[in-house]
Amino acid sequence: MIVMRGNKVLNTGFAIVLAVSVAACNTAAKKKIAEQYDSPDKLKKLTPAKMLDIGFQYYKIGDTGKAIDIAKYCIYKNYSRSDAYVLLGKCYYVKKDYRKARAALEMAGNNGEAYLTLSSVALDEGNVSLALASLKRVPWAGRNNAVYYLNWGDMYNAVGEYKRAAFCYIQAINLNPKFVNAYKRLLHTCKRSRDDALAKRAEELYAVHKIKYGI
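**Looking at the overall build of the chain**
Move 1: A count of helical and extended segments in the chain gives twelve helices and two strands.
Move 2: When the helices and strands of the chain are placed in sequence order, the string is β-β-α-α-α-α-α-α-α-α-α-α-α-α.
Move 3: Counting across all 215 residues of the chain, residues that qualify as buried make up 36%.
Move 4: Total accessible area computed for the chain in this model is approximately 12,900 Å², and 55% of it derives from carbon and sulfur atoms.

Shown next, in the form of structure tokens:
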């Protein structure tokens, strides 16, 4: 059976197999994590660094519930509070609870990852000036990051600076060639710029990387 999605034609059988494959990977990841943490008692025996490492593992596979529980436990026990607040803020950001995300990230103090995520929150809320202020506070060591350039691109896009936005998206892609959102924004921005040559280069870049990196 064939189904249409936007301008793409998808084979339903392939889509189902892909979904099952992704679910299986997440299940395996959760099982592996659970071997290290499957009860509050086991959690208490871990070092603070290991607790947060497991919390971020849960966050990465989309289990924000367990990640939030671990972050809150670390905050309660006064373990690695800055990183724990970052984890908490990132989880709330994924859940689109921007008020709680912002509150947690602001508690992280002088933390580059917190400032970077705060800029993402601000952009989602349409607050370009706050996003700019947050990005400027990201330390130099944290600027070699694809999301950093993605957010700069989004800010330039918001004020109509399309060529600068495209440059930032390309920088994000250089840092992470599998960053699908950067390609989407780059292609969209190039079309908005009405620069045919730039749009053509962006499409060629995407076509090459799509094959090379399987995105």
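**Some remarks on the environment of Arg194**
Move 1: You can see Arg194 is positioned in the loop between helix 11 (180-193) and helix 12 (196-213).
Move 2: Residue Arg194 is classed as exposed on the basis of its relative accessible area, which comes to 76%.

**Here we look at helix 7 (residues 112-124)**
Move 1: Here helix 7 spans 19 Å end to end across 13 residues, near enough to the 18 Å set by a 1.5 Å rise per residue.
Move 2: Burial within helix 7 is extensive, with eleven of its 13 residues counted as buried.
Move 3: Considered for burial, the residues of helix 7 that qualify are Gly112, Ala114, Tyr115, Leu116, Thr117, Leu118, Ser119, Ser120, Val121, Ala122 and Leu123.
Move 4: On its buried face, helix 7 is in contact with helix 5 (81-94), helix 6 (98-106), helix 8 (128-136) and helix 9 (146-158).
Move 5: One side-chain oxygen at the N-terminal end of helix 7 lies 3.0 Å from the backbone nitrogen of Glu113; it belongs to Asn111.

**Comments concerning the packing of aromatic side chains**
Move 1: Using the criterion set out here, one finds five aromatic pairs in the structure.
Move 2: Between Tyr148 and Trp152, the aromatic rings sit 6.3 Å apart at their centres with planes inclined by 70 degrees, giving edge-to-face as the arrangement. With Tyr148 and Trp152 both in helix 9 and four residues apart, this pair spans about one turn of that helix.
Move 3: For Tyr148, a relative accessible area of 6% corresponds to the buried category.
Move 4: Measuring from ring centre to ring centre gives 5.3 Å for Tyr183 and Tyr206, while their planes differ by 55 degrees; the resulting arrangement is tilted. Here Tyr183 is found in helix 11, whereas its partner Tyr206 is found in helix 12, with 23 residues between them in sequence.

About the criteria used
Residues numbered from 1 in each chain as written. Predicted model: local features only at pLDDT ≥ 70, side-chain atom pairs only at ≥ 80, totals over all residues. Heavy atoms only, no water. Helix = DSSP H or I, 4+ residues; strand = E, 2+ residues; numbered from the N terminus. Buried < 20%, exposed > 50% of the residue type's maximum accessible area, 1.4 Å probe, protein only. Areas by Shrake-Rupley, 256 points an atom, 1.4 Å probe, with all protein chains shown as cover. Expected span 1.5 Å × (residues − 1). Contact = heavy atoms within 4.5 Å. Polar contact = N/O pair within 3.5 Å; in protein donor to acceptor, adjacent residues only side chain to side chain. Phe/Tyr/Trp six-rings, centres within 6.5 Å; stacked < 30°, edge-to-face > 60°.

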